[in-house]
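# Reading the structure
Spelled out, the chains give:
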Amino acid sequence: MEIAGKLAVLADAAKYDASCSSSGAKGRKGGKNGLGSTEGTGICHSYTPDGRCVSLLKILLTNVCIYDCQYCINRRSSDVQRARFTVQEVVDLTLDFYRRNYIEGLFLSSGIIRSADYTMEQLIQVARTLRQEHRFAGYIHLKTIPDASPELLDQAGRWADRLSINVELPTQENLDRLAPEKKLVQITGAMTRMSDRIAEAKEERSPSRPLARFAPAGQSTQMIVGATDATDATILHTASSLYTGPRLKRVYYSGFSPIPDSSSTLPVIPTPLVREHRLYQADWLMRFYGFEATELTTAEAPNLDLNLDPKVSWALRNRERFPVDVNRASREELLRIPGLGARNVKRILGARAWRQVRVDDLRRLGIPLRRALPFLITADHRPTLIGPDSLDLQDRIAPKRAQIDLFESARAAVHGEL
């Protein structure tokens, strides 16, 4: 197969992996004799925490795989077109795309060929060749294999900015059902070893040893949502344990989409994208707003509300904690007010050192007042409908849905108003 044909097959096969953010990679430049850097702004677009868009060449080394995971389009039993890059072809593609200003880095994954160690060696060879022979200083993300030898994982961290192992499903029971060759304890064990090595490298770095680095952008993983009956509560519990245990940088959530010739055990309709969106919102609350996974769902409702964002849902279940006085509350209390983001909380704390915060101040900050005002007190505002008997509160703050009238739509189209 020509290289263009391989690229078409293996770039398409890589689209199902969502964990390709380049956030956290800083401080590497190719210099006068090298190529690329992990700095600056910008075939896959990822976004850093500060909003920068970074373009990555996102491909598989091969979509041949010895595993038969039922949710995977590249599983052993799948009747898809197969292709495989050589190491040199991936290196050449990366350099060629970079020189054309198409990309700023490489996201490289692979099906498992021959064995975990053999596949890992191939991935490492790509990264090592780029770094050593071509002095490529751009971003490299390698998808690692949990049952590869620790020595190979150590080498991968030496050459890559970020490493990731996809946990795929939140429980071993789910894996036994759809991917019996994978073991959750083995995956999390590999994550923990890499986490320890990342921490060691940070301690070893000093002005005299600036190259003591190991996956400086950390680790990430992906969980498939909706392929099994796992609830959002289970998914968030697993994500929380990955943040506190192996100290992952990010957990990505990928809504399940039906695949050709799939197993009868899989759903026949795709997971609603709004469910994936709610999980990302809940994940953000755990990472940056001090929420625990157990707070975001209940035993009676183990799945997130698809009509309300998780912070609003939590606030409605805990009305006794509101309203909160924005001129007196702690940062932690302010972060739990619906509509208040971390940046605006910081601004409120700075502003109230000089004067009492009023509703107009919140309006100038761009805070969504319809959502926030029922839960807060300002110098000129005190809500009256926050008690447990205010049954209409959810309807008042929920996003408004409007059905366009058919005849009104036609009239507007005729008069050029649409």
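Everything that follows concerns the structure shown earlier in this document.
Here's a quick rundown of the structure. All residue numbers here refer to positions counted from 1 along the written sequence of the relevant chain. Only residues with pLDDT of at least 70 get local features here, since the model is predicted, and only at 80 or more are side-chain atom pairs given and counted; chain-wide, interface and lining totals rely on the full set of residues. Excluding hydrogens and water, the side-chain values take into account all heavy atoms of the structure.

### Section: the pattern of salt bridges
- One side-chain nitrogen of Lys or Arg within 4 Å of one carboxyl oxygen of Asp or Glu is enough to make a salt bridge. Under the counting rule described, the total for this entry stands at 15 salt bridges.
- Among the ionic pairs, Arg287 bridges to Asp283, the shortest N-O distance being 3.5 Å. With Arg287 and Asp283 both in helix 8 (residues 273-288), this residue pair falls 4 residues apart, about one helical turn.
- The class for Asp283 is buried, based on a relative accessible area of 1%. The way it works is that DSSP assigns letters per residue, a run of H or I at least four long becomes a helix, a run of E at least two long becomes a strand, and they are numbered from the N terminus. Only protein chains enter the accessibility calculation, which uses a 1.4 Å probe. A residue is then buried if its area is under 20% of the maximum for its type, exposed if over 50%, and partly exposed in between.

### Concerning the packing of aromatic side chains
- Here the aromatic set is Phe, Tyr and Trp, taking the six-membered ring for Trp, and pairing holds for ring centres within 6.5 Å; pairs whose planes are under 30 degrees apart are stacked, those over 60 apart are edge-to-face, and all others are tilted. Applying the stated criterion across every chain yields a total of 7 aromatic pairs.
- Measuring from centroid to centroid gives 5.2 Å for Tyr253 and Tyr280, while their planes differ by 80 degrees, and the two rings are edge-to-face. Linking Tyr253 in strand 7 (residues 250-255) with Tyr280 in helix 8, this pair joins segments that are 27 residues apart in sequence.
- On the accessibility criterion, Tyr253 (0% relative accessible area) is buried.
- Look at Tyr280 and you get partly exposed, because its relative accessible area is 23%.
- Their ring planes at 55 degrees and their centres at 4.5 Å tell us that Trp284 and Phe288 sit as a pair that is tilted. With a gap of 4 residues between them, Trp284 and Phe288 both fall in helix 8, about one helical turn apart.
- Exposure remark for Phe288: the relative accessible area of 38% places this residue in the partly exposed category.
- The rings of Phe291, Trp314, Phe322 and Phe375 are connected pair by pair, giving a single aromatic cluster.
- By definition here, charges over rings are those cases where NZ of Lys or CZ of Arg is within 6 Å of the ring centre and within 35 degrees of the ring normal. Above the ring of Phe107, the side-chain terminus of Lys58 is found at 5.7 Å from the ring centroid.
- Across the ring face of Phe291, the terminal group of Arg336 is positioned such that the distance to the ring centre comes to 4.0 Å.

### Quick notes on the pairing of strand 3 (residues 105-109)
- Most of strand 3 is tucked away: 5 of the 5 residues are buried.
- Of the two faces of strand 3, the one carrying Gly105, Phe107 and Ser109 and the one carrying Leu106 and Leu108 are both buried.
- Here strand 3 runs beside strand 4 (residues 139-143); their pairing, made up of 4 bridges, is parallel. Bridging from a neighbouring strand, Leu108 pairs with Leu142 of strand 4.
- Look down the strands so they point away from you; if the path from the first strand over the helix to the second goes clockwise, the crossover is right-handed. Note that the unit made of strand 3, helix 3 (residues 116-133) and strand 4 has a crossover that is right-handed. Two strands are said to pair when DSSP picks up at least two bridges between them.

### Regarding the packing of helix 3 against helix 4 (residues 150-159)
- All axes here are fitted lines through C-alpha atoms, helices being fitted over the stretch that makes contact, and every angle between N-to-C directions spans 0 to 180 degrees. At a minimum axis separation of 9 Å, helix 3 and helix 4 run at an interaxial angle of 25 degrees. On the basis of their axis angle, the class for helix 3 and helix 4 is roughly parallel. Crossing of helix 3 against helix 4: the hand is left-handed. Of helix 4, the residues touching helix 3 (which contributes Asp117, Met120, Glu121, Ile124, Ala127, Arg128, Arg131 and Gln132) are Leu152, Leu153, Gln155, Ala156 and Trp159.
- Classes in brief: Ala, Val, Leu, Ile, Met, Phe, Trp, Tyr, Cys and Pro nonpolar; Asp, Glu, Lys and Arg charged; the others, Gly included, polar. Partitioning the contact of helix 3 with helix 4 into residue classes produces 7 nonpolar, 2 polar and 4 charged. For classification purposes, angles smaller than 35 degrees are called roughly parallel, those larger than 145 roughly antiparallel, those between 65 and 115 roughly perpendicular, and all remaining angles oblique. Two helices that cross are described as forming a left-handed crossing if the nearer one is turned anticlockwise from the farther one by less than a right angle, and a right-handed crossing if clockwise. Working rule for contacts: check all heavy atoms of both residues, and any pair within 4.5 Å makes them a contact.

### What about the environment of Leu334?
- Mapped onto the elements of the fold, Leu334 is located in helix 10 (residues 331-334).
- Spatially, the C-alpha atoms of Leu334 and Val345 are 6.4 Å apart, while their sequence positions differ by 11 residues.
- The residues touching Leu334, leaving out its near neighbours within four places in the chain, are Val324, Val326, Ala329, Leu340, Val345, Ile348, Leu349 and Arg352.

### Some thoughts on unusual backbone geometry
- For the bond running from Phe322 to Pro323, omega is 0 degrees, close enough to zero to count as cis.
- Along the polypeptide, Pro323 turns up in the loop between helix 9 (310-317) and strand 8 (324-325).
- The phi angle at Arg135 is positive, at roughly 50 degrees, despite the residue not being glycine.
- Within the secondary structure, Arg135 is located in the loop between helix 3 and strand 4.
- On the basis of relative accessible area, Arg135 is assigned to the partly exposed category, the value being 47%.

Bear in mind that shape data such as this cannot, by itself, settle questions of function.
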